[in-house]
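A look at the structure
Residues per chain are reported as follows:
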Amino acid sequence: MLFSELPLANPLQRAVRAVGYEQPTPIQEQSIPSLLEGKDLLGIAQTGTGKTAAFALPILQLLLDSGKFRAPKTCRALILLPTRELAIQVADCFKQYAQFTAISTTCIFGGVGDASQKNSLIRGVDVLVATPGRLLDLIGQKAVSLKALEFFVLDEADRMLDMGFIHDIRKVVALLPQKRQNLFFSATMPDDITKLAATILRPNPVRVEVAPQSTPIERIRQELYRIDKRRKGALLKELLLEHTEMKKVLVFSRTKHGADKITRVLEKAGIKCAAIHGNKSQTRRQEALKNFKDEKIRVLVATDIAARGIDVDDVSHVFNYDLPDVPETFVHRIGRTARAGKDGIAISFCAPDEEQDLRAIEKLTKIKIPEGDKAIFEKLPPPQKETPESEMRNARGRFHQQPRQPKNESRPPKSESRGGSNPPKKASNPPVPQQNGENLHKGKRRRNRPGSRARRRMRESGDTPS
Ligand code: AMP
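Calculation criteria
- Residues numbered from 1 in each chain as written.
- Predicted model: local features only at pLDDT ≥ 70, side-chain atom pairs only at ≥ 80, totals over all residues.
- Helix = DSSP H or I, 4+ residues; strand = E, 2+ residues; numbered from the N terminus.
- Buried ≥ 20, exposed ≤ 12 C-beta atoms within 10 Å, placed from the backbone.
- Contact = placed C-beta atoms within 7 Å.
- pLDDT = per-residue confidence, 0-100.
- Pairing = 2+ DSSP bridges.
- Axes fitted to C-alpha atoms, helices over the stretch in contact; angles between N-to-C directions.
- Core = buried A, V, L, I, M, F, W, Y, C linked by C-beta atoms within 7 Å.
- Expected span 1.5 Å × (residues − 1).
- Right-handed = clockwise from strand over helix to strand, strands pointing away.
- Parallel < 35°, antiparallel > 145°, perpendicular 65-115°, else oblique.
- Nonpolar A, V, L, I, M, F, W, Y, C, P; charged D, E, K, R; others polar.
- Left-handed = near helix turned anticlockwise from the far one by under 90°.

**Details of the overall build of the protein**
- Each helix and strand counted, the protein has 18 helices and 15 strands in total.
- Here the protein, with 466 residues, has 44% of them falling under the buried criterion.
- Look at the contacts in the protein between residues 6 or more apart in sequence, and 76% of them connect residues 24 or more apart.

As structure tokens, this is what we get:
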């Protein structure tokens, strides 16, 4: 099927040609006709499948068809997303696809001043792309109302719940008019997501599933290097220096502190790179992302939440500098490469204390990751001797609580000092570091309080919800 065969108006067909799409992707082919008929849709799809155009194009077509006009301080279509990066990305897509129409798009998200966002809403907008917190804030300030809404899209629903947005979503849904068309997208459909979808969608929505849950894209070639933690930086540097074909490289680090450390190692070797994580300002993050997209830097180092969903074309290599302790995260990470029909390579480093994470990943993906060329190890400098300080540093990010530091010592940034990562999953995991004979896990554990999972994930990966 070709795009030209879809019943889309000329200005949209022109925009599709301008962005270079010829054939609809499977999710587009399956969703666009039903959405044009006004049906609700449940889409089970990850980013990289072309799902943005799958919902944006029919919404734009229906907005053009309806003949209605936007009223002041209202929007006609609302797209809700969990992070600023995703919101900006989706708004950019709408703007591209609507470039030959008079349809307006505005994007609102937290972490920046709200004055210009309020201004852009005064005359009303056709498409409003928003993160939940800022949307509710601006509704509370009467800067925008949802009373004239015709289309509601909840994107990345599983991630929304992961990040603790369930209450905000319910508040938004309660403000929507009864008569509306709903679209609900999620990469996975566990029970809580299915229940949420049922509260939003009308009965019998069209269900479109484009990739089985948690299955990595088969086109990704994978390699594994078993390596001591202390030598990972040297290995990454060596691989990048040796393989000039690694042009657009995304490196995942478990912690913000780790991400900064990696960039320092690469910068020293003259490799152009930048880091994105929750301790960087929104402006710095956008700048790093833009430089990466424009290939002004070769390597982008990111924590999971900062990177998830970012849409960068042609990522040639994804490095798992640290293995994630949630195996599904691995699937999301490597899905940054091999997008839109292209090939990609994912390279994972596994330290001895990450073997358990590796087993969980291989079990989930049902793929045994082949080992990379061991000859590279010959080129690495010998490992440095472990000092008590480096041992503690290395332990950071794998233990729940950090040791108390004497008052006169400089502390790591607040969010890191509150716990870099999930606790070990089994008692057989690495020994708990001791200080002054005290067990560092001593103290209150707050794991099962409502929302604690979300807060913990955000702390460890370094993103801020908006
Ligand atoms: P998404 O899943 O919406 O984040 O899209 C992933 C990437 O695929 C984006 O870079 C889109 O521009 C691109 N894309 C979407 N639809 C098509 C298509 N039909 N043909 C080629 N590229 C596409």
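**Observations concerning the confidence of the model for the protein**
- Per-residue pLDDT for the protein averages 82, and the proportion of residues at 70 or more is 78%.
- Of the regions scoring below 50 in pLDDT, residues 459-466 engages in 41 contacts with residues more than four places distant in sequence or in other chains.

**A look at the sheet that holds strand E5 (residues 151-154)**
- Read from one edge of the open sheet, 7 strands run E3-E4-E2-E5-E6-E1-E7, paired in parallel fashion. Edge positions in the sheet fall to strand E3 (105-108) and strand E7 (206-209), since each has one partner strand and no second. Strand-to-strand, the axes of this sheet are offset by a mean angle of 15°, without reference to chain direction.
- Relative to strand E4 (residues 125-130), E3 runs parallel, the two sharing 4 bridges.

**Quick notes on unusual backbone geometry**
- For Lys142, which is not glycine, the phi dihedral falls at a positive 60°.
- Turning to its location among the elements, Lys142 is positioned in the loop between helix H6 (132-140) and E5.
- A residue is classified by how many C-beta atoms lie within 10 Å of it, and Lys142, with 9 of them, is exposed.

**Concerning the nonpolar core**
- Core analysis: the largest hydrophobic core is formed by 66 residues, its most contacted members being Ala87, Tyr97 and Val129.
- Apart from the residues within four sequence positions on either side, Ala87 is in contact with Leu81, Cys107, Phe109, Val129, Ala130 and Thr131.
- In terms of nonpolar packing, the next biggest core, distinct from the first, is built from 44 residues, Cys273, Ile297, Val301 and Leu358 among them.

**Some points on the sheet that holds strand E9 (residues 249-252)**
- If you walk across this open sheet you meet the 6 strands as E8-E13-E12-E9-E11-E10, and the pairing is parallel. The open sheet terminates on both sides in strands that have one partner only, identified here as strand E8 (220-226) and strand E10 (273-276). Each strand axis lies, on average, 20° off the axis of its neighbour in the sheet, ignoring direction.
- Direction of pairing for E9 relative to strand E12 (residues 317-320): parallel, over a ladder of 4 bridges.

**Some remarks on helix H3 (residues 51-66)**
- For H3, spanning 16 residues, the distance from its first C-alpha to its last is 23 Å, which sits close to the expected 22 Å at 1.5 Å a residue.
- For H3, the buried fraction is high: 12 of the 16 residues fall into the buried class.
- Taken together, the buried positions of H3 are Lys51, Thr52, Ala53, Ala54, Phe55, Ala56, Leu57, Pro58, Ile59, Leu60, Gln61 and Leu63.
- Just beyond H3, the residue with positive phi is Gly67, at close to 75°.

**A look at the pairing of E10**
- By the alternation rule, side chains of E10 split into Cys273 and Ala275 and Ala274 and Ile276, which are all buried.
- Pairing between E10 and strand E11 (residues 299-302): 4 bridges, direction parallel. Within E11, the position partnered with Cys273 by the bridge is Val299.
- Since E10 and E11 lie parallel, the crossover through helix H12 (residues 282-293) that links them has a hand, and here it is right-handed.

**Thoughts on helix H4 (residues 84-97)**
- With 14 residues, H4 should reach 20 Å at 1.5 Å per residue; the first-to-last C-alpha distance of 20 Å fits that figure.
- By the burial criterion, the buried members of H4 are Arg84, Glu85, Leu86, Ala87, Ile88, Gln89, Val90, Ala91, Cys93, Phe94 and Tyr97.
- Residues of H4 that are buried sit in contact with helix H1 (10-18), H3, strand E2 (75-80), E3, E4 and H12.

**Structural notes on the packing of helix H14 (residues 327-334) against helix H15 (residues 355-365)**
- Running from amino to carboxyl end, H14 crosses H15 at an angle of 70°, the nearest separation of the two axes being 8 Å. As far as their axial angle goes, H15 and H14 are roughly perpendicular. Residues Pro327, Glu328, Phe330 and Val331 of H14 form the contact with H15, whose participating residues are Ala360, Ile361, Leu364 and Thr365.
- Its residues assigned to classes, the contact of H14 with H15 comprises 6 nonpolar, 1 polar and 1 charged.

**Some remarks on the environment of Glu355**
- Considering the arrangement of structural elements, one finds Glu355 in helix H15.
- Glu355 sits in the exposed class, given 12 other C-beta atoms within 10 Å.
- Sequence separation between Glu355 and Leu323 is 32 residues; the distance between their C-alpha atoms is 9.1 Å.

**Concerning the pairing of strand E1 (residues 41-44)**
- Both faces of E1 are covered, namely the face carrying Leu41 and Gly43 and the face carrying Leu42 and Ile44.
- Summarising the sheet, E1 and strand E6 (residues 181-186) pair through 4 bridges and their orientation is parallel. Bridge pairing in E6 places Leu42 opposite Phe184.
- Direction of pairing for E1 relative to E7: parallel, over a ladder of 4 bridges. When the bridges of E7 are listed, Leu41 appears paired with Val206.

**With respect to the packing of helix H10 (residues 232-242) against helix H11 (residues 256-268)**
- Running from amino to carboxyl end, H10 crosses H11 at an angle of 45°, the nearest separation of the two axes being 10 Å. Relative to H11, the element H10 lies oblique. Considering only the axes of H10 and H11, their crossing is right-handed. Across from Gly233, Leu236 and Lys237 in H10, the residues of H11 making contact are Ile262, Val265 and Leu266.
- A class-by-class count of the residues in the contact of H10 with H11 yields 4 nonpolar, 1 polar and 1 charged.

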